[in-house]
Amino acid sequence: QVQVVESGGGLVQPGGSLGLSCVASGSIFSIAAMGWYRQAPGKQRELVATITRAGSTTYADSVKGRFTLSRDSIDMVYLQMNSLKPEDTAVYYCNCATAMGVQYWGQGTQVTVSS
């Protein structure tokens with residue numbers, strides 16, 4: 001089992017920056033990838049960015065060049081979000097995935113981009 005805890009998020013004006021942290025605990029050596037997904041009202045949950053244990057990153061086209069995902073340790077990732085847009089408003093969820101395809105999710109944190 002893996003427990004996932006997120007922190008960060010909040011309200012920011014368009015063009016501003018925010019950071020999201022995610023810490024995993026429990027069976028952390030089973031984690032093959034960590035990352036962030038988001039879900040806006042009325043929309044499906046979508047990938048934002050992920051990073052594998054080897055350090056390979058994947059970004060959604062909509063955030064490339066604005067968001068940066070880094071892995072501080074085997075159990076911690078940080079998402080730096082710059083040049084935020086109103087369409088980035090969503091609940092952001094941290095995800096941990098094992099090599100067997102088991103998914104673990106955090107409780108979600110709200111990011112609101114509004115003037």
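In what follows, the accompanying structure is described. (Residues numbered from 1 in each chain as written. Predicted model: local features only at pLDDT ≥ 70, side-chain atom pairs only at ≥ 80, totals over all residues. Heavy atoms only, no water.)

### Section: the pattern of salt bridges
Opposite charge on two side chains permits them to pair, given that their charged atoms come into close proximity.
Inference 1: Evaluation of the coordinates by the stated rule reveals four salt bridges.
Inference 2: One salt bridge connects E46 with R38, and the closest N-O pair in it is separated by 2.7 Å.
Inference 3: With relative accessibility at 37%, the residue E46 sits in the partly exposed group.
Inference 4: According to the relative accessible area criterion, R38 is buried, its value standing at 6%.
Inference 5: Residues D88 and R66 are paired through a salt bridge, measuring 2.7 Å at the closest nitrogen-oxygen approach. Separated by 22 residues along the polypeptide, D88 in the loop between β8 (76-81) and β9 (90-98) and R66 in the loop between β6 (57-59) and β7 (67-73) bring together distant segments of the chain.
Inference 6: A relative accessible area of 0% means that D88 is categorised as buried.
Inference 7: The class for R66 is buried, based on a relative accessible area of 10%. (Salt bridge = Lys/Arg side-chain N within 4 Å of Asp/Glu carboxyl O. Buried < 20%, exposed > 50% of the residue type's maximum accessible area, 1.4 Å probe, protein only. Helix = DSSP H or I, 4+ residues; strand = E, 2+ residues; numbered from the N terminus.)

### Quick look at the side chain of R71
Inference 1: Tracing the chain through its elements places R71 in strand β7.
Inference 2: Of the buried charged residues, R71 lacks a salt bridge, with D75 as the closest side chain of opposite charge at 7.4 Å.
Inference 3: There is a polar contact of 3.3 Å between the side chain of R71 and the backbone oxygen of T52.
Inference 4: Within the structure, R71 has its side chain in polar contact with the backbone oxygen of I74 (distance 2.9 Å).
Inference 5: In contact with R71, not counting residues within four places along its chain, are I31, A32, A33, M34, I51, T52, R53, M76 and V77. (Lys, Arg positive; Asp, Glu negative; His and termini not counted. Polar contact = N/O pair within 3.5 Å; in protein donor to acceptor, adjacent residues only side chain to side chain. Contact = heavy atoms within 4.5 Å.)

### Describing the packing of aromatic side chains
Inference 1: All told, the structure shown has one aromatic pair when counted by the stated rule.
Inference 2: For the ring pair Y37 and W105, a centre distance of 5.1 Å and an interplane angle of 70° mean the geometry is edge-to-face. A residue pair is termed long-range when its members are at least 10 positions apart, and Y37 in strand β4 (residues 31-39) and W105 in strand β10 (residues 103-105) qualify at 68 residues.
Inference 3: The ring of Y93 has R45 lying over it, and the distance from NZ or CZ to the ring centre is 3.7 Å.
Inference 4: The ring of W105 carries the charged tip of R45 above its face, separated from the ring centre by 4.6 Å. (Phe/Tyr/Trp six-rings, centres within 6.5 Å; stacked < 30°, edge-to-face > 60°. Lys NZ or Arg CZ within 6 Å of the ring centre and 35° of its normal.)

### A look at the nonpolar core
In a soluble, globular protein the nonpolar side chains are often hidden away together inside.
Inference 1: Grouped together as the largest cluster of nonpolar side chains are 30 residues, with contacts concentrated most on W36, L79, M81 and Y92.
Inference 2: For this core, the secondary-structure elements that each account for two or more residues are β1 (2-8), β3 (18-26), β4, β5 (46-52), β7, β8, β9 and β11 (109-113).
Inference 3: If sequence neighbours within four positions are ignored, M81 has contacts with G16, S17, L18, L20, R66, F67, Y92 and V111. (Core = buried A, V, L, I, M, F, W, Y, C linked by side-chain atoms within 4.5 Å.)

### Thoughts on the side chain of T109
Inference 1: As for its placement among the helices and strands, T109 is situated in strand β11.
Inference 2: Looking at T109, its side chain comes within polar contact range of the main-chain oxygen of G8, at 2.9 Å.
Inference 3: Residue contacts for T109: discarding those within four places in its chain leaves E6, G8, G9, L20, W36, A90, V91 and Y92.

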